[in-house]
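# Examination of the molecular architecture
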Amino acid sequence: MGHNRSIYVPIPKIFHSIYEEGPFSKCIVCTRTLSEEQTEYMIEKVFRGTEVIIEYAICDTCAEQLGSELSVESAQRMERFLAEQVNWPARMAQIINVKGDDLDQWIDTCLISGRKRSELHSYQLCARCRGDKIERTVLPLMIAGSVAEEINRLISKKTRDRLDGFVGDYLGLDPEFQNLPIDTPFLLI
Ligand SMILES: [Zn+2]
């Protein structure tokens, strides 16, 4: 309470798995159990309206492995984009005073465009978790679909191909959505 804002809070429903009807239980790549205390992992969910079209959790080990296969230039362009586009001090100021377990301040507006989630048709959410808790630092975050498309254009062909491979191998995406630009699991870049 007071100034003792906790970094780790229970994982709210919006970050649960639709498929599992509860918290994500396994890493999508290595199937390691995620509920154990010290397991660190990321979650990404892509929404179209009320529908979730991509969802997965990936442990740090697998994310690092995949990240190491992507192009350095893509990662640098992405880093530069975020440094230019996000007002980090304003974001930190906004979330520093949040009390309780609330996450709305993190995910109600697009990290880049500032547009409200309630007014967006497509958007994605990213979070970092440890065991059965979600971390509240820079993450979680919400990105509007249009911004995700912009980010996609920063990605090299090599990285694009590797990410497409990841989507094809693990996410079993509905073909209807497969060619849409929002599909980059951009947490991994
Ligand atoms: Zn894994």
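Further up the page is the structure itself.
The text that follows walks through the structure, step by step, so that each part is easy to find. Keep in mind that what you see is a predicted model, and the values were worked out from it rather than measured.

Scoring rules and cut-offs
Residues numbered from 1 in each chain as written. Predicted model: local features only at pLDDT ≥ 70, side-chain atom pairs only at ≥ 80, totals over all residues. Heavy atoms only, no water. Helix = DSSP H or I, 4+ residues; strand = E, 2+ residues; numbered from the N terminus. Buried < 20%, exposed > 50% of the residue type's maximum accessible area, 1.4 Å probe, protein only. Contact = heavy atoms within 4.5 Å. Areas by Shrake-Rupley, 256 points an atom, 1.4 Å probe, with all protein chains shown as cover. Donors = N, O, S within 2.8 Å, 3.2 Å for Na, K, Ca; no water. Tetrahedral: all angles 85-135°; square planar, octahedral: opposite > 155°, others 65-115°. Core = buried A, V, L, I, M, F, W, Y, C linked by side-chain atoms within 4.5 Å. Pairing = 2+ DSSP bridges.

## Description of the overall build of the protein chain
Across its full length, the protein chain holds seven helices and six strands. Across the 189 residues that make up the protein chain, the buried fraction comes to 47%. When contacts within the protein chain are restricted to residue pairs at least 6 apart in sequence, those whose partners lie at least 24 apart make up 72%. Summing over all exposed atoms, the protein chain offers an accessible surface of approximately 9900 Å²; the carbon and sulfur share of this is 50%.

## Concerning the coordination of the zinc ion
For the zinc ion, the full set of protein donor atoms is Cys27 (SG), Cys30 (SG), Cys59 (SG) and Cys62 (SG), at a range of 2.3 Å. Taken together, the four donor atoms surrounding the zinc ion define angles of 103 to 114 degrees at the centre, an arrangement classified as tetrahedral. Ordering the donors of the zinc ion by residue number gives the pattern C-x2-C-x28-C-x2-C. One end of the pair, Cys27, is in the loop between strand E1 (8-10) and strand E2 (40-48); the other, Cys59, is in strand E3 (residues 51-59), with 32 residues separating them in the sequence. Neither Cys27 nor Cys59 differs from the other in exposure class; each is buried.

## Things to note about the nonpolar core
One finds Phe15, Ile58, Ile112 and Ile134 to be the most contacted residues of the largest nonpolar core, which totals 52 residues. Tallying contributions element by element places E3 first for this core, with seven residues.

## Side note on the pairing of E2
The element E2 is largely enclosed, with a buried count of eight among its nine residues. Pairing of E2 with strand E4 (residues 122-130), which is carried by nine bridges, proceeds in the antiparallel orientation. When the sheet's bridge partners are listed, Ile43 is paired in E4 with Ala127. Between E2 and E3, which pair antiparallel and follow one another directly, the connecting turn spans two residues, one of which, Gly49, has a positive phi of 60 degrees.

## So, unusual backbone geometry
The phi torsion of most residues other than glycine is negative, and most of the peptide bonds are trans. Between Leu139 and the following residue, Pro140, the backbone shows a cis peptide bond with an omega angle of -5 degrees. For Pro140, the position within the fold is in the loop between strand E5 (133-135) and strand E6 (141-144). Its identity is not glycine, yet Glu21 carries a phi of approximately 55 degrees, on the positive side. Inspection of the secondary structure puts Glu21 in the loop between E1 and E2. Using a relative accessible area of 76% as the deciding quantity, one classes Glu21 as exposed. Backbone geometry at Thr31 places phi at a positive 60 degrees, although glycine is not the residue there.

So far we have only geometry, and geometry alone does not tell us how the molecule works.
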